[in-house]
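What follows is the residue order along each chain.
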Amino acid sequence: MLTDIKAQTADDLESQFRAWGQPAYRVKQLLEWLYVHRAADWEAMTNLPRVLRDELRKHYSLTALGLVRKQGARDTTQKFLWRLTDHSLIESVLIPANPALYGEASDRHTLCVSTQVGCAYGCKFCASGLADWKRNLRVEEIVEQVLAVERWNANEGRRVEVESLESEVQSREPDSGREAVDPGMPHQGSLALAPRPSPHKPALSATW
């Protein structure tokens, strides 16, 4: 079983890159892909040479958590149920801070991550406590919870932005051109009545 790349420290990677004859700055590029861009695929790392990407693929795994279920609205506490590679289930909980001083939505969030599969405490509100303790999580499984929630947040933010733009476009569309007709009067030149036009129904990204 390959070691996951997210279990490696910068020092570990620098040592390995030296053995491969790679310049030190390649480590910084790799870390940026992993922890800034949150890449979940080697091919996404386009500024790394293919030879280096092939070496990384042969020596390390790059796994992402599978989202089984998410509960909670975007502006409230949200629970993420993840499936690990061994099919165990763990939970992360994203908690928004209280509203700011003057009532504006807070731009801060707290993320509670699991560190074990199962839990000996057995709290009823937590999915981790529904099963007995099984094992401690590996480093990459803990780190990946943070990255997976950040990926979800980025994708959700793009989705909300697209929906907002679509709603704005719809609200600015001109009427269909059909004349509104009093239901009590026949439409001129036809027995059919044109329907009354329906008013347009105008139809966040969280800051971390």
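One structure accompanies this document, and this report is about it.

1. Quick look at the packing of helix H1 (residues 10-19) against helix H2 (residues 25-35)
Consideration 1: The interhelical angle for the contact between H1 and H2, taken along N-to-C directions, is 130°, at an axis separation of 9 Å. Taken together, the axes of H1 and H2 are oblique relative to one another. Once H1 is placed against H2, the crossing between them reads as right-handed. Here Ala10, Leu13, Glu14 and Phe17 of H1 lie close against H2, whose contacting residues are Arg26, Val27, Leu30 and Leu31.
Consideration 2: Taken together, the residues of the contact of H1 with H2 break down into 6 nonpolar, no polar and 2 charged.

2. Re the nonpolar core
Consideration 1: Residues Ile5, Leu30, Trp42, Met45 and Leu56 are the most contacted members of the largest nonpolar core, which totals 15 residues.
Consideration 2: Put simply, the parts of the chain that give this core at least two residues each are H1, H2 and helix H3 (50-59).
Consideration 3: The element contributing the most residues to this core is H2, with 4 residues.
Consideration 4: The residues touching Ile5, leaving out its near neighbours within four places in the chain, are Leu13, Leu30, Leu34, Trp42, Leu56, Tyr60, Ser61 and Leu62.
Consideration 5: Membership of the second largest hydrophobic core comes to 11 residues, among which are Trp82, Leu84, Val117 and Val149.

3. Description of the sheet that holds strand E3 (residues 66-71)
Consideration 1: Pairing in this open sheet of 4 strands is antiparallel, and the strands run E3-E4-E5-E6 from one edge to the other. At either end of the open sheet lies a strand with only one pairing partner, and these are E3 and strand E6 (109-112). Strand after strand, the sheet turns through a mean of 20° between neighbouring axes, direction not considered.

4. As for the pattern of salt bridges
Consideration 1: All told, the structure shown has 13 salt bridges when counted by the stated rule.
Consideration 2: Between Arg50 and Glu43 there is a salt bridge; the shortest N-O distance is 3.1 Å.
Consideration 3: Assessed through its relative accessible area of 32%, Glu43 is described here as partly exposed.
Consideration 4: When the shortest N-O distance is used, the salt bridge between Glu141 and Arg135 registers 3.0 Å.
Consideration 5: The structure contains a network of salt bridges with shared partners spanning Glu43, Arg50, Arg53, Asp54 and Arg57.

Reading guide: rules and limits
Residue numbering note: each chain is counted from 1, following its sequence as written. For this predicted model, a pLDDT threshold of at least 70 governs which residues receive local features, and a threshold of 80 or more governs which side-chain atom pairs are given and counted, while totals over whole chains, interfaces and linings are taken from all residues. Think of the side-chain values as coming from all heavy atoms in the structure, minus any hydrogens and water. Fitted lines through C-alpha atoms serve as axes, helices being fitted only where they are in contact, and the angles separating the N-to-C directions of these axes extend from 0 to 180 degrees. Helix and strand labels come from DSSP, where a helix needs a run of H or I of at least four residues and a strand needs a run of E of at least two; each type is numbered from the N terminus. Oblique is the label for any angle not under 35 degrees, not over 145, and not in the 65 to 115 range, which are roughly parallel, roughly antiparallel and roughly perpendicular in turn. Throughout, a crossing is termed right-handed when the near helix is turned clockwise from the far one, and left-handed when it is turned anticlockwise from it by less than a right angle. The contact criterion used throughout is that any non-hydrogen atoms of two residues lie within 4.5 Å. Residues were grouped as follows: Ala, Val, Leu, Ile, Met, Phe, Trp, Tyr, Cys and Pro as nonpolar; Asp, Glu, Lys and Arg as charged; and all remaining residues, including Gly, as polar. We define the nonpolar core as a collection of buried residues of types Ala, Val, Leu, Ile, Met, Phe, Trp, Tyr and Cys that are connected through side-chain atoms lying within 4.5 Å of one another. In this scheme, a residue with accessible area under 20% of its type's maximum is buried, one over 50% is exposed, and one in between is partly exposed, where area comes from a 1.4 Å probe on protein chains only. Think of it this way: DSSP has to see at least two bridges between two strands before they count as a pair. Salt bridge criterion: a side-chain nitrogen from Lys or Arg within 4 Å of a carboxyl oxygen from Asp or Glu.

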